[in-house]
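What follows is each chain in one-letter form.
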Amino acid sequence: MSLPTVPPAIEPAQLNWHHGVPELKHFSGAPLSAKNALAAFHHEFIEHSDLPARFASIPVSGSFVVAQCGFGTGLNFLATWQAWQVWGPSHAATLHFVASEPCPLTLQDLEKALFLFPELQDLADELIACYPPLVRGAHRLVLAGGRVRLTLFFGDQQAAWNSLNFKADAWFLDGAEPAPGPELAQEIPTNQLREHSKPGTTVSSCCAAEETQSLLESAGFRMQKTDGFKPNRETLNGVFLPENLPPVPPETLETHTNSVAVIGAGIAGCLLANNLAHRGYAVTLIDAANEPGSAASGNLQGAMYVKLGVEFNHQTELALSALTFSQRYYSPYRDQYWHPTGLIQLAWSDAEQSRQRRFIERNQYPADLLRPVSREEAEILTGARLMSGGLWFPGCGWLEPAKLCKELVLHRGIRKAFAYSVTQIQLSAGKWHISGAGSDSPDIHSNQVVICAGHLTPQLIPSPDTFRFKAIRGQVTHVPGSLIDSPRAVICGARYFNPAYGPHGEKVAVIGATFDLHSDEPEPTIESHRENIRELSSMVPNILSESMATGDLPAQLAGRVGFRCTTHDYQPVAGPLCDSQGLEVEGLYLLTGMGSKGLTYAPLLAEFVADQLTGQPCALPMSLAKRVATGRMRQKKLAPA
């Protein structure tokens, strides 16, 4: 028997293989052949749920949500995705598949199991390429260019349905070969089924046991037995029609508007605009600069990483979720704007060495996500002489954020309003009106607005209240490649150090960044350059020329200043703005406060805000959504003495 895992790792499924077909060790039913499993699923789930007709009727920018108890090999998901390809609408719409899995397959077992289905191979390859590491919690996978979104929860079934925020259009309660009826009946989360369903939601199960039918009927589903795939086999199908809920009028089924204005064209705003455009929404992207990626997101290079906490709490879980999501998100841009060289977080001081030791003792992470390395191994991995070992993140690296921003805004669904300095945002007649500086600047009208303006966000929020944001100056130093011995991977400690890069000219390595709480100087200073060089030299000796290390900086040394936006609790902000009473302001959202980790947090939080704007299943579980909620940002007023 294997020992229980330590969080955040999760124990994988233990499989038996019979003639190449997987079977769970605790599963008592005989496995179907590969051919029969797919045919049975089409008959008992896709056809009995009337998915072909329902898929075809999804409106522009709409979505369809399938939820399933268990994920297993992913066969049901892939078959549903294939059906979406065949019968889904030709216009922009999104298929969501939400599944909980207490014992996920390892990547190797997943590949082996799906090899049995060559007709699904293209889809299986994409799933395998994006399959998350085996750590607990919610994982959002964006597939098929955004037309398909998979939310996988690794962990207890009850915890999954209690924490995920979605409404299903169809439920799949099991696979194509059921466990015995009483066992399945005990596992059906009837309260959660009801909570995550709406009038008209269908449910399908290949188990027709009386206990199962009774439980589903008690939850508000009108059930009937139908013929199964095999002879003399019955299945259950039903529709959620609770007696105490009035039917939903057809005209109110699609209540979400599809016009969104995004203010701020940094990495967060560009990611959000692109995300919404792919979902079929009309987006106006607004920025005072002449092009995207001009402010804090305009650096030549940016290290993509997070600092995971010693304790696996909600803050650490959010950082881990952002890290793994961003690795998946940037993968299509590999060798263009994304360079996954690997990254070492050095134990560069006594305090950091102690912190990393406690981190390793109290946590268990998959080695493909991170692992501790000695100084000798770290030097081999990075090609640099180092002062210590540390934590090695093989899937991390560095990004060219400004170039990525320019790529993201090319989507034809994004209208660009650059060189437009917003002066006022106000709600009038049910629409948001955005005014810009200059008499020739027309107002922009939108149903929904998201402020992604970094440290300028507080002055744009249409409220007299004070918000707990702060700007932190950060200066990076550009070191010519000819003056350094460039590492092969990103090195992080008191500073980050990127490999020298420059495909069309002299190579440059970016070192950064300072953390200036009390400076608003917009231009690079010699003092900040010296600080960056000094801190780097303490981590990576002899990588710089002796004269540079002692402060004799060459005249050609350049750099750049950006102002990060952070919050009082150093946690990001993403979601609808709340008023002083804690009520959501309709149609007004914030996405900011990511500090120096914007390249890592922005992809996931843009996905989360897009989910909220479109009324689709949320990428973040409720516990993490609470961590980034906007209500905590309003400055509390002191009671009069």
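Here, every reference points to the structure presented above.
Residues numbered from 1 in each chain as written. Predicted model: local features only at pLDDT ≥ 70, side-chain atom pairs only at ≥ 80, totals over all residues. Heavy atoms only, no water.

## Some details on the packing of helix 10 (residues 267-278) against helix 14 (residues 401-408)
For the pair helix 10 and helix 14, the least separation of the axes is 9 Å and the interaxial angle reads 25°. Classed by the angle they form, the pair helix 10 and helix 14 counts as roughly parallel. Here helix 10 runs over helix 14; the crossing is left-handed. Contact residues: I267, C270, L271 and N274 in helix 10; L404, C405 and L408 in helix 14. (Axes fitted to C-alpha atoms, helices over the stretch in contact; angles between N-to-C directions. Helix = DSSP H or I, 4+ residues; strand = E, 2+ residues; numbered from the N terminus. Parallel < 35°, antiparallel > 145°, perpendicular 65-115°, else oblique. Left-handed = near helix turned anticlockwise from the far one by under 90°. Contact = heavy atoms within 4.5 Å.)

## Topic: the nonpolar core
Counting 74 residues, the largest nonpolar core has L272, L308, V450 and L591 as its most contacted members. The leading source of residues in this core is helix 18 (residues 598-614), at 10 residues. Not counting the four nearest positions on each side in its chain, L591 is found in contact with A268, L272, V450, I451, C452, V573, A574, L605, A606 and V609. Counting residues in hydrophobic clusters, the runner-up holds 46 residues, among them A37, A79, L114 and Y131. (Core = buried A, V, L, I, M, F, W, Y, C linked by side-chain atoms within 4.5 Å. Buried < 20%, exposed > 50% of the residue type's maximum accessible area, 1.4 Å probe, protein only.)

## Here's the deal with the sheet that holds strand 3 (residues 63-69)
Spatial strand order, 5-6-4-3-7-8-10-9: eight strands in an open sheet with mixed pairing. Each edge of the open sheet is held by one strand with a lone partner, namely strand 5 (137-143) and strand 9 (221-227). In this sheet, neighbouring strand axes are inclined to one another by 20° on average, regardless of whether the strands run parallel or antiparallel. Pairing of strand 5 with strand 6 (residues 148-154), which is carried by seven bridges, proceeds in the antiparallel orientation. The partner of L143 across the bridge, within strand 6, is V148. (Pairing = 2+ DSSP bridges.)

## Points about empty space enclosed by the protein
Counted by the stated rule, this structure contains two cavities of 30 Å³ or more. Roughly 60 Å³ of internal volume is contained in the largest cavity. Sorting the residues of the lining of the largest cavity by element identifies strand 5 and helix 11 (314-330) as the ones contributing at least two each. At four residues, helix 11 tops the list of elements feeding residues into the lining of the largest cavity. Partitioning the lining of the largest cavity into residue classes produces seven nonpolar, three polar and two charged. Considered as a void within the structure, the second largest cavity measures approximately 50 Å³ in volume. Around the second largest cavity, the lining residues are V135, R136, G137, A138, H139, F312, E317, L320, S321 and T324. (1 Å grid on protein atoms, 1.4 Å probe; cavity = no way out; pocket = protein on both sides within 12 Å on 5 of 7 lines; lining within 4 Å. Points joined across faces, edges and corners; volume = space filled by probe spheres on them. Nonpolar A, V, L, I, M, F, W, Y, C, P; charged D, E, K, R; others polar.)

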